[in-house]
Amino acid sequence: MASIELDLSHSYIPHPISDEDYALLPLNYTFRDGGAYALLGPSGCGKTTLLNCISGLLRPSSGSIRFDGRDVTEQTPQERNIAQVFQFPVVYDTMTVAQNLAFPLRNRKVPEDKVRERVGRIAEMLELSAVLDRRARNLTADAKQKISLGRGLVRNDVSAVLFDEPLTVIDPHLKWELRRKLKEIHKELQLTLIYVTHDQTEALTFAERVVVMSRGRVVQIGSPDDLFLRPSHTFVGHFIGSPGMNFLPARWLDDGVQIGSRRLTGLTPARARTLAQAGAFTLGVRPEFTRVRPEDAPGALPVTVTRLQDVGTYLLLTGTFEQHVLRARLPLDSEAMAPGGIVWLSVLNPKTCFYRDEALIP
């Protein structure tokens, strides 16, 4: 395995001028040896471009890539010793499962006893032991993708294993199981894993560190808890969570947070001093931390209920305050409320975040 140091940017046009000309804006970051990372963002945000730069399928238009301090910018994927698993399974249909798994090892002249030991171990991890002697052509798409995953994981001498949305073709009820398996494999084998996905559930359940990207820019790198509790950018607050963070335009006025016609109080002195110097800002609070409060409670807004959904494990309330939409995740046993009614929702609490120019105010 290797630590991967990135100091690069990439544009698909010859002479980029503005940020819009870049597929990947300047990035300086190190993926540590043995870490599990996810590149997360919507389609077109630059995550596959970044993965292809790491793998050697794409040379960055500027900057460098280093594996354990060694410059590999000009090297091919083979020279970088990278294993890659793609969105659609890459298997040899005429070979058996065992032969498919063994192929990367035999291609490198690994002794047969080592091949059998490694194939058996990976097959057991991916629950393929029962079909090792079956030809791949007779298996389902799910099983074929397991083989593809196994071929990426079977070598223990690679610098890193890169996954490009590998669970897209997997049946939804099997995705959770495979994510769990990948976490177990990472814990046991201590491989450097980098996983590209647009699915926040995949990213947050798989990775130790998540790289959130938007429009070619890395907007935050952190643990799942960091991204959920303290999004450093409004995009992260919106993109992470189901539903995403509530945002309300606000300003500091007369020792309180003014939102529309309502002034909220109850901040700690330290936060009050910070916001008093912030001018106009945006208040962000997650639906999970928005609670029903008594009428006129400090830190609460009067919200007109527009919709109440029973999601099974919680109630999702959607309402409006002076044309601003607010959502709250409430316990199933919450007091009955009907569309058109008024409910007071707390938006000011220790978990509330504040943003200026889309960036978190420290």
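Check the entry above for the structure.
Draft legend 1. Just unusual backbone geometry, in detail. Following Ser242, the chain continues to Pro243 via a peptide bond in cis, the omega torsion being 0°. Looking at the secondary structure, you find Pro243 in the loop between α9 (234-239) and β11 (246-253). With a phi angle near 65°, Asp296 is a residue other than glycine that sits in the positive phi range. Among the secondary structure elements, Asp296 is positioned in the loop between β15 (292-293) and β16 (300-310).

Draft legend 2. Region of the structure containing the sheet that holds strand β19 (residues 342-346). Strand order across the open sheet formed by five strands is β15-β19-β16-β17-β18, with antiparallel pairing between neighbours. Two strands bound the open sheet, and with one partner strand each, they are β15 and β18 (324-330). With six bridges connecting them, β16 and strand β17 (residues 315-321) associate as antiparallel partners. The partner of Asp310 across the bridge, within β17, is Leu315.

Draft legend 3. Structural view of the layout of surface pockets. A volume near 520 Å³ is recorded for the largest pocket. As for the largest pocket, its lining consists of 19 residues, of which Ile82, Ala83, Gln84, Arg108 and Arg155 are closest to the centre. The biggest single contributor to the lining of the largest pocket is strand β6 (residues 82-85), with four residues. Residue composition of the lining of the largest pocket, grouped by class: nine nonpolar, seven polar and three charged.

Draft legend 4. Main features of the environment of Glu74. Note on placement: Glu74 falls in the loop between β5 (70-71) and α2 (77-80). Glu74 gets classed as exposed once you look at its relative accessible area, which sits at 60%. In the structure, Glu74 is positioned 21 residues away from Met95 in sequence and 34 Å away in space, judged by C-alpha atoms. With residues near it in sequence (within four places) discarded, Glu74 still touches Arg59, Glu79 and Arg80. Within the structure, Glu74 has its side chain in polar contact with the side chain of Arg59 (distance 2.7 Å).

Rules behind the numbers
Residues numbered from 1 in each chain as written. Predicted model: local features only at pLDDT ≥ 70, side-chain atom pairs only at ≥ 80, totals over all residues. Heavy atoms only, no water. Helix = DSSP H or I, 4+ residues; strand = E, 2+ residues; numbered from the N terminus. Pairing = 2+ DSSP bridges. 1 Å grid on protein atoms, 1.4 Å probe; cavity = no way out; pocket = protein on both sides within 12 Å on 5 of 7 lines; lining within 4 Å. Points joined across faces, edges and corners; volume = space filled by probe spheres on them. Nonpolar A, V, L, I, M, F, W, Y, C, P; charged D, E, K, R; others polar. Buried < 20%, exposed > 50% of the residue type's maximum accessible area, 1.4 Å probe, protein only. Contact = heavy atoms within 4.5 Å. Polar contact = N/O pair within 3.5 Å; in protein donor to acceptor, adjacent residues only side chain to side chain.

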